[in-house]
Amino acid sequence: MTTPAPKVTRSEEEWRAELSPAEYEVLRRAGTERPWTGKYVESKDVGVYRCRACDAELFRSETKFDSHCGWPSFFSPLAADRVILREDRSFGTVRTEVLCANCHSHLGHVFHGEGYGTPTDDRYCINSISLTFEPAGS
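Conventions and cut-offs
- Each chain has its residues counted from 1, following the order in which its sequence is written.
- Local features in this predicted model are restricted to residues whose pLDDT is 70 or higher, and side-chain atom pairs enter the listing and the counts only when it is 80 or higher, whereas totals over whole chains, interfaces and linings include all residues.
- Side-chain measures here rest on the full set of heavy atoms in the structure, leaving out hydrogens and waters.
- By definition, any uninterrupted DSSP run of H or I lasting at least four residues is a helix, any uninterrupted run of E lasting at least two residues is a strand, and each is numbered from the N terminus.
- We take the radius of gyration over the C-alpha atoms and set the globule estimate at 2.2 Å times the residue count to the 0.38 power.
- Two residues form a contact once any of their heavy atoms are found within 4.5 Å.
- We call two strands paired when DSSP finds no fewer than two bridges between them.
- Any pair of cysteine sulfurs within 2.5 Å is marked as a disulfide.
- Exposure categories follow from relative accessible area, calculated using a 1.4 Å probe and restricted to protein chains: below 20% of the type maximum is buried, above 50% is exposed, and the middle band is partly exposed.
- When the centres of two rings from Phe, Tyr and Trp lie within 6.5 Å, Trp using its six-membered ring, the rings pair. Their planes under 30 degrees apart give stacked, over 60 give edge-to-face, and anything left gives tilted.

## Overview of the overall build of the chain
Item 1. When its secondary structure is counted, the chain shows two helices and nine strands.
Item 2. Reading the secondary structure of the chain in the N-to-C direction produces α-α-β-β-β-β-β-β-β-β-β.
Item 3. Computed over its C-alpha atoms, the radius of gyration of the chain comes to 14 Å, within 12% of the 14 Å expected for a compact globule of 138 residues.
Item 4. The C-alpha extent of the chain, read off along each of the three principal axes, is 40 × 40 × 30 Å.
Item 5. A separation threshold of at least 6 residues defines the contact pool for the chain, and within that pool the share at least 24 residues apart is 53%.

Dropping the structure here:
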């Protein structure tokens, strides 16, 4: 299956100017923030989580759950077309990378069948640094 082209495109220089070095490392180079350091890990606020790079709506707080893994976890994106899932063979294992469908920025990984008891049995393990949060009613 061919990955559709991103709707938002910028040069690497433009991404570097727009993002902090830590944001650039995660969003554009598929890095990972350290566990338990992200600002949304334990957040219970109601609202929408957006892509830090392009502001696309990705996840709603209603799908966020406590997985105790060190990163914010969601059982489903806002809609299936909001993210792209891609095989990731880095680190000597096979995982599924989660990208923003709008700008192709790295968000994290999704894991299936871990037994969390959520409606999908999926855990979208997302870097806080890849997200911004918009509280409900704002």
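## So, the sheet that holds strand β5 (residues 83-88)
Strand pairing in a sheet relies on backbone hydrogen bonds. The paired strands run either parallel or antiparallel.
Item 1. Spatial ordering of the open sheet is given by β3-β4-β8-β7-β6-β5, a layout of six strands whose pairing is antiparallel. What marks the edges here is a single partner per strand, and that holds for β3 (64-65) and β5.
Item 2. Looking at chain direction, strand β7 (residues 106-112) and strand β8 (residues 122-126) are connected through five bridges and run antiparallel. Each residue of the ladder has a partner; that of G108, found in β8, is I126.

## What about the state of the cysteines?
Item 1. Scanning the entire structure with this criterion turns up zero disulfides.
Item 2. The thiol of C69 is not disulfide-bonded; the next cysteine sulfur, from C125, is found 3.8 Å away.
Item 3. Looking at C69, the relative accessible area reads 19%, which means it is buried.
Item 4. The thiol sulfur of C100 is not disulfide-bonded, and the nearest other cysteine sulfur, from C54, lies at 3.6 Å.

## Brief notes about the packing of aromatic side chains
Two aromatic rings are characterised by how far apart their centres lie and by the angle between their planes.
Item 1. Taken as a whole and judged by the stated rule, the model has seven aromatic pairs.
Item 2. Ring plane angle 85° and centroid distance 5.4 Å describe the contact between Y40 and Y49, whose orientation is recorded as edge-to-face.
Item 3. Where Y49 meets F74, the ring centres are 5.1 Å apart and the plane angle is 70°; that geometry is what we call edge-to-face. In this pair, Y49 sits in strand β1 (residues 47-51) while F74 sits in strand β4 (residues 73-74), placing the two residues 25 residues apart along the sequence.

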